[in-house]
Protein chains: 2
Amino acid sequence: MQTKTRNTKQKKVILEVLKGTDSHPTADWIYEQARKVLPDISLGTVYRNLRILTESEVIRELNYGSTYSRYDGNPVEHYHFVCTKCQRVFDVPIEVLHDINTKVEEATGWRVEMHRMEFYGTCEDCNQSNCYQN
Amino acid sequence: MQTKTRNTKQKKVILEVLKGTDSHPTADWIYEQARKVLPDISLGTVYRNLRILTESEVIRELNYGSTYSRYDGNPVEHYHFVCTKCQRVFDVPIEVLHDINTKVEEATGWRVEMHRMEFYGTCEDCNQSNCYQN
DNA sequence: ATAGGTGCAAATGTTTTGCTGTCAA
DNA sequence: TTGACAGCAAAACATTTGCACCTAT
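Description of the structure in this document. From a predicted model like this one, the values you see are computed outputs, not experimental measurements. (Residues numbered from 1 in each chain as written. Chains lettered and ligands numbered in written order. Predicted model: local features only at pLDDT ≥ 70, side-chain atom pairs only at ≥ 80, totals over all residues. Heavy atoms only, no water.)

### What about helix 1 (residues 9–19) of chain A?
Residue and element names in this part refer to chain A.
Here is step 1 of the chain: Those residues of helix 1 that fall on the buried side of the exposure criterion are Lys11, Val13, Ile14, Val17 and Leu18. Within helix 1, the buried residues cover an arc of 165° as seen down the axis, which keeps them to one side. Set apart from the buried face of helix 1 by more than 90 degrees, the exposed residues are Lys9 and Glu16.
Here is step 2 of the chain: The inward-facing, buried residues of helix 1 contact helix 2 (27–37), helix 3 (43–55) and strand 2 (70–72). (Buried < 20%, exposed > 50% of the residue type's maximum accessible area, 1.4 Å probe, protein only. Helix = DSSP H or I, 4+ residues; strand = E, 2+ residues; numbered from the N terminus. Arc of directions from axis to C-beta. Contact = heavy atoms within 4.5 Å.)

Put into structure tokens, the structure is as follows:
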């Protein structure tokens, strides 16, 4: 929780990079892109800003299945699909199940605030081109 | 992919520890418990076996929201609830949505093999006792 | 002016790995 | 007997943090 937040050029660039892609990139990829604009930006700054942006819900952090996080410039609730061959992450074009949180609350004594859903499988490219690719 | 797998006492103890709890423990917690039975077991061995057991789908690895993984001794598909106050992970007592994978396949060109869903909120204990606890 | 942010490098914490010896099959 | 696995410690890896300087407000 911050009281004030400054709008630095580093933060602007990081957000632009993230908003300008739909590839759900890693912190390192964002760092490499940001360096093209600000060559002296540091990886620590990238992480610091990604954290601040996540906490203020301007972006979202995704951490499924791997040892590192990916980031999503779209803060609106939606589901993700992870291709287990090429490791890419896609948005899933189906409606978010708004009523399921209530269903869980009714079945338990919990207060349910949100849910996440991730699908796993193989994407169109990997299905079509080469099933035996890594 | 292993051709053969040996059934060592270390692997047995690790699996017993994991099957004997519903707390979705971390590798380190499993290590501490296993040491009570096998004082010389190493953390590396715990990780190695957890990986082997995950790959053979005897157990499941959970990695939501934190920097470390938790493990689930129940390989049957089910959903999880993460309490954002006490950080505990619970099983969710609702049916798994079997048909939603097909729905996603129909809306895309992907082959969908499985999905995961995690709910976030506050558990019964945290709701009742002390809302201001960490 | 000043509090929040930056770059840099070191530290952290989890997980993996290389090596040599051991043991289950 | 032998190859898969153990223990140990070092390495790897993503991420965080301390510090002195800088800059947006």
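### Remarks on the relation of the copies chain B and chain A
Here is step 1 of the chain: Here chain B sits on chain A after a turn of 180° about the axis and a move of 0.0 Å along it, with an RMSD of 0.1 Å. Both chain copies can therefore be described as sitting about a two-fold axis. Rotation axis and chain B: the residue whose C-alpha lies nearest the axis is B:Met117, separated from it by 2.2 Å.
Here is step 2 of the chain: By residue overlap, the copies meet face to face through one surface: 100% of the interface positions of chain B are interface positions in chain A. (Least-squares fit on C-alpha atoms with pLDDT ≥ 70 in both.)

### Thoughts on the protein's contact with DNA strand C
Here is step 1 of the chain: The immediate surroundings of DNA strand C are formed by 22 residues, with A:Arg6, A:Thr8, A:Thr45, B:Tyr47 and B:Ser69 found nearest.
Here is step 2 of the chain: The protein-proximal atoms of DNA strand C, defined as those within 4 Å of the protein, are 73% sugar or phosphate.
Here is step 3 of the chain: One of the side-chain nitrogen or oxygen atoms of B:Arg6 is found 3.3 Å away from a base oxygen of DNA strand C.
Here is step 4 of the chain: Separating a phosphate oxygen of DNA strand C from a backbone N or O atom of B:Asn7 is a distance of 3.5 Å.
Here is step 5 of the chain: If you list the elements that add at least two residues to the surface near DNA strand C, you get helix 3 of chain A together with helix 3 (43–55) of chain B. (Near = heavy atom within 4 Å. Polar contact = N/O pair within 3.5 Å; in protein donor to acceptor, adjacent residues only side chain to side chain.)

### Some points on the packing of helix 2 (residues 27–37) of chain B against helix 3 of chain B
Residue and element names in this part refer to chain B.
Here is step 1 of the chain: Two elements in contact, helix 2 and helix 3, have axes whose closest approach is 10 Å; the angle formed by their N-to-C orientations is 115°. Here the hand of the crossing between helix 2 and helix 3 comes out right-handed. Mapping the contact onto sequence places Ala27, Asp28, Ile30 and Tyr31 in helix 2 and Leu43, Val46, Tyr47 and Leu50 in helix 3. (Axes fitted to C-alpha atoms, helices over the stretch in contact; angles between N-to-C directions. Left-handed = near helix turned anticlockwise from the far one by under 90°.)

### Looking at the layout of surface pockets
Residues and elements named next belong to chain B.
Here is step 1 of the chain: One number sums up the size of the second largest pocket: a volume of about 180 Å³.
Here is step 2 of the chain: Forming the walls of the second largest pocket are Asp22, Ser23, His24, Pro25, Thr26, Trp29, Arg70, Arg88, Val89, Phe90 and Asp91.
Here is step 3 of the chain: Ranked by residues supplied to the lining of the second largest pocket, first place goes to strand 4 (residues 89–92) with three residues.
Here is step 4 of the chain: When the residues that make up the lining of the second largest pocket are grouped by side-chain class, the tally is four nonpolar, three polar and four charged.
Here is step 5 of the chain: Of the residues that make up the lining of the second largest pocket, three or more belong to each of domain 1 (9–72) and domain 2 (79–127). (1 Å grid on protein atoms, 1.4 Å probe; cavity = no way out; pocket = protein on both sides within 12 Å on 5 of 7 lines; lining within 4 Å. Points joined across faces, edges and corners; volume = space filled by probe spheres on them. Nonpolar A, V, L, I, M, F, W, Y, C, P; charged D, E, K, R; others polar. Domains from an automatic or database assignment.)

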